[in-house]
Amino acid sequence: MSDKIGTGNFFEDFQLGQVIEHATPRTVTEGDVALYCALYGSRFAVQSGDSFAMDIGYEAAPIDDLLVFHVVFGKSVPDISLNAVANLGYANGRMVAPVYAGDTLTARSEVIGLKENSNGKNGVVYVHTVGENQKGEIVADFVRWVMVNKKDPANPAPEAVVPELPKSVTAEHLAAPTDLNMKEYNFTLAGSPYVWEDYETGEKIDHVDGFTVEEAEHALATRLYQNTARVHFNQHTEKDGRFGKRIVYGGHVISICRSITFNGLGNAFKIAAINGGRHVSPIFAGNTVYAWTEVLDKMEVPGHPGIGALRLRTVGLKDQNAEGFPYKDEEGKYDPAVVLDFDYTILMPRKV
Amino acid sequence: MSDKIGTGNFFEDFQLGQVIEHATPRTVTEGDVALYCALYGSRFAVQSGDSFAMDIGYEAAPIDDLLVFHVVFGKSVPDISLNAVANLGYANGRMVAPVYAGDTLTARSEVIGLKENSNGKNGVVYVHTVGENQKGEIVADFVRWVMVNKKDPANPAPEAVVPELPKSVTAEHLAAPTDLNMKEYNFTLAGSPYVWEDYETGEKIDHVDGFTVEEAEHALATRLYQNTARVHFNQHTEKDGRFGKRIVYGGHVISICRSITFNGLGNAFKIAAINGGRHVSPIFAGNTVYAWTEVLDKMEVPGHPGIGALRLRTVGLKDQNAEGFPYKDEEGKYDPAVVLDFDYTILMPRKV
Amino acid sequence: MSDKIGTGNFFEDFQLGQVIEHATPRTVTEGDVALYCALYGSRFAVQSGDSFAMDIGYEAAPIDDLLVFHVVFGKSVPDISLNAVANLGYANGRMVAPVYAGDTLTARSEVIGLKENSNGKNGVVYVHTVGENQKGEIVADFVRWVMVNKKDPANPAPEAVVPELPKSVTAEHLAAPTDLNMKEYNFTLAGSPYVWEDYETGEKIDHVDGFTVEEAEHALATRLYQNTARVHFNQHTEKDGRFGKRIVYGGHVISICRSITFNGLGNAFKIAAINGGRHVSPIFAGNTVYAWTEVLDKMEVPGHPGIGALRLRTVGLKDQNAEGFPYKDEEGKYDPAVVLDFDYTILMPRKV
C-alpha cells in the first residue's frame, strides 16, 4: 500500500493529552439546509424559517443542531474511528454557538482517556471533540469513546486512564442562546401549543410516524457529512461482511428520530445537549424507523426565564411502531426492535 | 395516544368561514433550487439562470412555480388532508408574486365549502389556501377539495355549501409579472424558437421523454416540501395498505411532467394558473412517467403585449409512451395508462 | 412527431466551422455545492471550506472543477450528442477561471472536425466546447468527439477534416490560478502532508476506497447537470435496450473516482486539465467503483513557483478493488474490471 494512503490511527497511535486537528474545513450553507430538509423532512420552525427565527432574536434560521453535530463528528472519523471495532458511547455533548449558513466549521479532538482491553488486541480511546466556526467560537463539543484495534498485540499497554463523565449535562452547563425574546415565539406557526410547563417527568410520547430508509438516502446523508466510515458506502465489501449489507450511519437514525419527534415535541426548538447515546442495533436500507420519547427530567435554565429544558430519552425502533413503548425487559436487555437509545436535552419556550 | 400528537382535522372539525394558519414558515433558498433541479432536471431558462431572468426584468431567477406550489400545499396537509380519504380536485390556482431565494413562505386556508356525503361517514371540505412571503404578498393561492372522514357518523351534518368555482382562470385574473421586457428574451439560450403565435388551439404535442421514478427521489422531494402525508414514507404500514407500497406524492408527478414538457414548450416560462387537476391513478417507484399536452385555449394577456397565455392540458402516463395521445375512451373512461390530467395556464413570449 | 420537439442534430446537420450556442444558462450555487458533496463526499479542502480557500487567495471556495465540467458538458448534449452512437474521446480540456457560487454558466461549441465512416451510416463529429461565466470569462473548454448517426445514408459525405489535438495540455497552457499564496496552505486542515516533490513519475497509488452506485444517485446527479441523454433516466425503454438497464453517466464515474483519489492525493487541490478520457465500459446501479492512479508526468508551472502540476492517469474499476493495478493486458486489451481510463492534470502545492 502506498505510504500516502491514510489508514487511520490504531490504539497505540493515541497518547493521553494528544490533540489532533481534523482535516477538511467545511462551509455549511443553505444547500446543506435544503438537503437536510429533504433527507429528514424536519419541521421545527426556528430552523425552517428565517423570519420566525429572527422574530425571536436569531440572526437568521440557525443550522439544525444535528447537522452541525454530524459535520463535526464526520471530521473526527478519519483520525479517531476508522479502525474502530465499536462506537461505545457519547457523553457531555453540548451545542454551543448557533451556526448560520456561510459559517466554516473545523474540528479537533483531544485524547482524554485510554484503556487497553484485557485481551491485548484492542482498547478503548476516549476523545473530547470540539467543533469551531471561522471565528474560533465553539459550536459543539462532546466526548465519545470507541474501541480501536491495536496494530500489534505485542505492544505494551498504556497506563489506563478513564475520564470521569457527567451522566448528563446540568442546567448551568447548557449553552442556551442568549438574548432570545421568547415573547415573539409564534405557537401557531410553530405548529404546537405545548410549552415546557405542559410536560411532566416520566411522561411518554408515541410519535406515531415512521420513515423507511433507502440506500441512496443514507449514503447521500453520510457523504454530506464527509463521514468516511467505509461500512456505509461499499456494498462490494459489505456483501461479505458481518451483515451482508451496508450499515446506515447511526447519526442518520438520530436525525430521523428527531424529525419524527416533531409530532409531540413541536416546540423543542433546540437540542442543547447530548447526554449519551447508544446505537443498540444496526439499521439497513428498507427498515422503517419509529420513535417514542420519555421525559427524564425538567430543568429551569438559569438566566433564561422564557426557556425551559427537558432531558429526554428518545428510543428509535425498527419495523415496529412505538405502541407500548418497547425498551428493555426486566433483565435490562433491549427489546429486539430497539435501534437507538438517545439521551439528550432540548430547550422549549415557557408559559408567558 | 398522547394528547400532544397532532392527528389532523376530521370532517366535523371544519366550519364554514374558518381560517386556519398553517405551521412551519419555510425559507426557500438556492439549496431548494438545486435539489429541485436534481429531482426533475428542469431546463426552463428563466428559473435556471440569474442573468437570463435579470435580462427580462426579474430580480434574479425566480423559484420554480411548482416548487412554490408544493411548499404551500405541503403546509396545508397536516391541517386539511391528513385524514383525507381522497384529494378530489383543485381549482382557481394562481401563481402571483415571484418568489426569490431567501423568501420565507407561510400559508393559511379558509374553509369555503362543506358537504357531508349521503353515507354519513365522511364529507367534502373545500378550502381556499393562500401562500404568502415574508412581506405579506400573496405568492400563490388555490382552491382544493378533499373527502375527509368524520370522527363520529352520529354527528349532525352541517348545512351543505358548495362554492362556485371557475372552470379556468380567465386572462384578466392571471397574475402576469409586470414590467417584464420580453424584447430581451433570448430564444437561443432558452432552447426553443417557438412563440405564442406558433401554437394553435387543439394542437397536441407528444413530449417524447420518459423519467423513471425511484423511491429515494420521491421521498426526498416530498420531505423537501415538508409534506407529511404518511402514505409516501412508511413502507412498514404501506406494505399492508391498499397497494402494498408507498404512493408517490401527486405533486411529484406534476413536476416530472412539467420538466418533460420542456421539449415542445421550451418558452413556457411561467405557470400562471392551475385550473384543475386530477391524479387519475397512483404512481409507484419503478414506474416511468411520460407526458403529452393539448393546447386548450389561447389568450392575450391584458396589459402585457409581449406575453401570451396558453391554457394547456398535460396528460401524464405511466409505463407507456405518449404515441397516439392516450386519454379517455368514448364513454369518458380514462385510458389505464393515464396517471395525471392537469389543466393549467402558462405564459409565453409573443412574436416581436 | 410535433415539429416543436427537439430531436438533436444528425451527422449531416453539422458543418465545419459552425458555432452552436447551447441552451439553458445555469446559475451554479451553494445548493449545487451541497448536492455535489452529498453525491461524492469530496473532501478537497479548497472546495469545501471558504476560509481555507480565502487564506490562499481565492474569493471563496471555488466550485469543484468537475461540477463545472459536467454543467458545461451537459449543455452541449442536446445539440451535440443526443444522437450519438458513442462518445469517443476528450482532449485538450482546460479548467480556466474559477467559478464561484452565484456565477451563471453558458456554453457554445464549434465544429472543428467531421469524418464520415466508411459504412456511410454515421460519422465522427469533433467539437470544441467553451463554457463561460456571466462576465464572458472562459471557465472551461475542451474538445470532444462523438460518433453520430446520419439521417439518410444517401446524403453525401463532407470533406474529411480531423483536427490535430495535443496528447496532453502542456504546462504553459495550464490555466493555473494567479495570485495564489501557497504559503498559507494549511496541510493539516487539508488532510495530507504530501507535496508535489513527494510524487514520482511512474508512481502508482491504490486509493483503497470503494463507492457503490445507486439508481437515485446517478439520476439526481445527471439531472443536476441538466444532461438530457435518455439512457440515464428511462428504465421503460432501457429494459429493452442494449444492457436491460439504465447506464450511469460517465461523468458521474469520473467524479466518484476523483473523490476516491483524495486518499493518496489529498493536496491535488485543482484539476487544471483533462487530457483525455475513455469510458471503457458502462457502469450500472449496484456496481461498486474503485480507483487507482499512476503519475504520468511532473511539470513545473511557469510563473507559479509555489505550485506544481502532476499529469495523472486515474483508472476506475467496477466490483474489483485496485490491488495489482488492473489496466491492460500485453495486447493492449483492457482488464474487464476497468470502466474509466482518465488522463488529467492536477495542481499541488510545492515544498516551501
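Rules and cut-offs
- Note that residues are indexed from 1 along each chain, following the sequence as it is written.
- Labels are handed out in written order, letters beginning with A for the chains and numbers beginning with 1 for the ligands.
- pLDDT decides what is reported in this predicted model: residues at 70 or higher carry local features, side-chain atom pairs at 80 or more are listed and counted, and totals for whole chains, interfaces and linings draw on all residues regardless.
- Two residues qualify as being in contact provided that their C-beta atoms, derived from the backbone, are within 7 Å of each other.
- Comment: elements are numbered from the N terminus, with helices defined as DSSP H or I runs of at least four residues and strands as E runs of at least two.
- Three categories are distinguished: nonpolar for Ala, Val, Leu, Ile, Met, Phe, Trp, Tyr, Cys and Pro, charged for Asp, Glu, Lys and Arg, and polar for the others, with Gly belonging to the last.
- Geometry is summarised by axes, namely lines fitted to C-alpha atoms with helices restricted to the contacting stretch, and by angles between N-to-C directions that run from 0 to 180 degrees.
- Orientation is classified from the angle alone, with under 35 degrees giving roughly parallel, over 145 giving roughly antiparallel, 65 to 115 giving roughly perpendicular, and any other angle giving oblique.
- It is the rotation of the near helix from the far one that decides the hand of a crossing: anticlockwise by less than a right angle makes it left-handed, clockwise makes it right-handed.
- Burial in this document is a count-based property: other C-beta atoms within 10 Å of a residue's C-beta are tallied, and the residue is buried at 20 or more, exposed at 12 or fewer, or partly exposed in between, with C-beta positions derived from the backbone.
- Least squares is the method for superposing the copies, and the C-alpha atoms it fits come from residues with pLDDT of at least 70 in both.
- In this scheme, the bend at a residue equals the angle between the axes fitted to the seven residues that finish there and the seven that begin there.
- A domain assignment, automatic or from a database, supplies the domain bounds used here.
- We call two strands paired when DSSP finds no fewer than two bridges between them.

### Thoughts on the interface of chain C and chain A
Stage number 1. With 38 residues of chain C in contact, the opposing surface of chain A contributes 33 residues.
Stage number 2. Sorting the residues of the side of chain C that touches chain A by element identifies α1 (30-40), α2 (45-48), α3 (50-55), α5 (187-190), β7 (204-206), β8 (211-212) and α6 (215-224) of chain C as the ones contributing at least two each.
Stage number 3. Take the side of chain C that touches chain A: its biggest share by element is nine residues, from α1 of chain C.
Stage number 4. Classifying every residue of the side of chain C that touches chain A by side-chain character gives 17 nonpolar, 13 polar and eight charged.

### Quick word on the packing of helix α1 (residues 30-40) of chain A against helix α6 (residues 215-224) of chain A
Two numbers describe a pair of packed helices, the interaxial angle and the distance between the axes.
Residues and elements named next belong to chain A.
Stage number 1. Their axes nearest at 11 Å, the elements α1 and α6 cross at an angle of 150°. In terms of orientation, α1 lies roughly antiparallel with respect to α6. By crossing handedness, the relation of α1 to α6 is classed as left-handed. Contacts from Asp32, Leu35 and Leu39 in α1 reach Glu217, Leu220, Ala221 and Leu224 in α6.
Stage number 2. Residue composition of the contact of α1 with α6, by class: five nonpolar, no polar and two charged.

### What to know about the interface of chain A and chain B
Stage number 1. Every contact between the two is made by 37 residues of chain A and, on the other side, 33 residues of chain B.
Stage number 2. Looking at the side of chain A that touches chain B, the elements that each hand over two or more residues are α1, α2 (45-48), α3 (50-55), α5 (187-190), β7 (204-206), β8 (211-212) and α6 of chain A.
Stage number 3. In terms of residue count, α1 of chain A provides more of the side of chain A that touches chain B than any other element does, nine residues in total.
Stage number 4. For the side of chain A that touches chain B, a count of residues per class yields 17 nonpolar, twelve polar and eight charged.

### A short note on unusual backbone geometry
Residues and elements named next belong to chain A.
Stage number 1. Of note in the backbone geometry, Gln226 takes a positive phi value of approximately 55° without being a glycine.
Stage number 2. Relative to the helices and strands, Gln226 is located in the loop between α6 and α7 (235-238).
Stage number 3. Classification of Gln226 by C-beta neighbours within 10 Å gives buried; the count is 22.
Stage number 4. Phi is positive for Asp319, which is not a glycine, with a value near 55°.

### Quick notes on the environment of Asp3 of chain C
Stage number 1. Among the structural elements, Asp3 of chain C can be located in the segment before β1 (19-21).
Stage number 2. The sequence separation of Asp3 of chain C and Pro282 of chain C amounts to 279 residues, and the corresponding C-alpha distance is 33 Å.

### Observations regarding the relation of the copies chain C and chain A
Stage number 1. Of the transformation superimposing chain C on chain A, the axial component is 0.0 Å and the angular component is 120°, with the fit at an RMSD of 0.0 Å. Taken together, the turn and the small shift mark the pair as related by a three-fold rotation axis. It is Gly31 of chain C whose C-alpha, among those of chain C, lies nearest the rotation axis, at 2.1 Å.
Stage number 2. With a heterologous cut-off of 20% or less, the 16% of interface residues of chain C that recur at the interface of chain A puts this contact in the heterologous class.

### Description of the relation of the copies chain A and chain B
Stage number 1. Overlaying chain A on chain B yields an RMSD of 0.0 Å, the required transformation being a rotation through 120° with an accompanying axial translation of 0.0 Å.
Stage number 2. Different-surface contact between copies: only 14% of interface residues of chain A are shared with the interface of chain B.

### Quick word on helix α4 (residues 65-81) of chain B
Stage number 1. For α4 of chain B, the principal kink sits at Lys75 of chain B and spans about 35°; a proline, Pro78 of chain B, occurs within the next four residues.
Stage number 2. Here α4 of chain B lies mainly inside the structure; 17 of its 17 residues are buried.

### Focus on the domain arrangement of chain A
Residue and element names in this part refer to chain A.
Stage number 1. Domain boundaries assigned for chain A yield domain 1 (1-28 + 63-153) and domain 2 (168-181 + 188-352).
Stage number 2. One C-alpha centre belongs to domain 1, the other to domain 2; they are set 21 Å apart.
Stage number 3. On the domain 2 side, the residues contacting the 23 residues of domain 1 number 24 residues.
Stage number 4. For the side of domain 1 that touches domain 2, the elements supplying multiple residues, two or more each, are α4 (65-81) and β3 (84-95).
Stage number 5. Top contributing element to the side of domain 1 that touches domain 2 by residue count: α4, with ten residues.
Stage number 6. In terms of residue class, the side of domain 1 that touches domain 2 is built from eleven nonpolar, eight polar and four charged.

### Here's the deal with the packing of helix α4 (residues 65-81) of chain C against helix α8 (residues 250-260) of chain C
All names here are of chain C.
Stage number 1. Put simply, α4 and α8 touch, their axes get as near as 11 Å, and they point 175° apart. With respect to their mutual orientation, α4 and α8 come out roughly antiparallel. Contacts between α4 and α8 involve Leu66, His70 and Phe73 from the former and Gly251, Ile254, Ser255 and Arg258 from the latter.
Stage number 2. Partitioned by chemical class, the residues of the contact of α4 with α8 number three nonpolar, three polar and one charged.

### Focus: the environment of Asn186 of chain A
All names here are of chain A.
Stage number 1. Summarising the element assignment, Asn186 is placed in the loop between β6 (138-149) and α5.
Stage number 2. By the C-beta count within 10 Å, which is 17 here, Asn186 ends up partly exposed.
Stage number 3. Sequence separation of Asn186 and Glu116 is 70 residues, and the distance between their C-alpha atoms is 52 Å.
Stage number 4. Filtering out sequence-adjacent residues up to four positions away, Asn186 remains in contact with Phe52 and Asp55.

### Side note on the pairing of strand β4 (residues 104-116) of chain B
Residue and element names in this part refer to chain B.
Stage number 1. Two strands pair when backbone bridges link them, and strand β1 (residues 19-21) and β4 are joined in this way by three bridges, in the antiparallel orientation. The residue of β4 that forms the bridge with Glu21 is Arg108.
Stage number 2. In terms of strand pairing, strand β2 (residues 26-27) meets β4 through two bridges, oriented antiparallel. Opposite Thr27, over in β4, you have Thr104 as the bridge partner.
Stage number 3. Pairing analysis gives ten bridges linking β4 to strand β5 (residues 122-132), with the strands arranged antiparallel. Within β5, the residue paired with Ser109 across the bridge is Thr129.
Stage number 4. Here β4 folds back onto β5, and the loop between the two strands holds five residues, one of which, Gly120, carries a positive phi near 75°.

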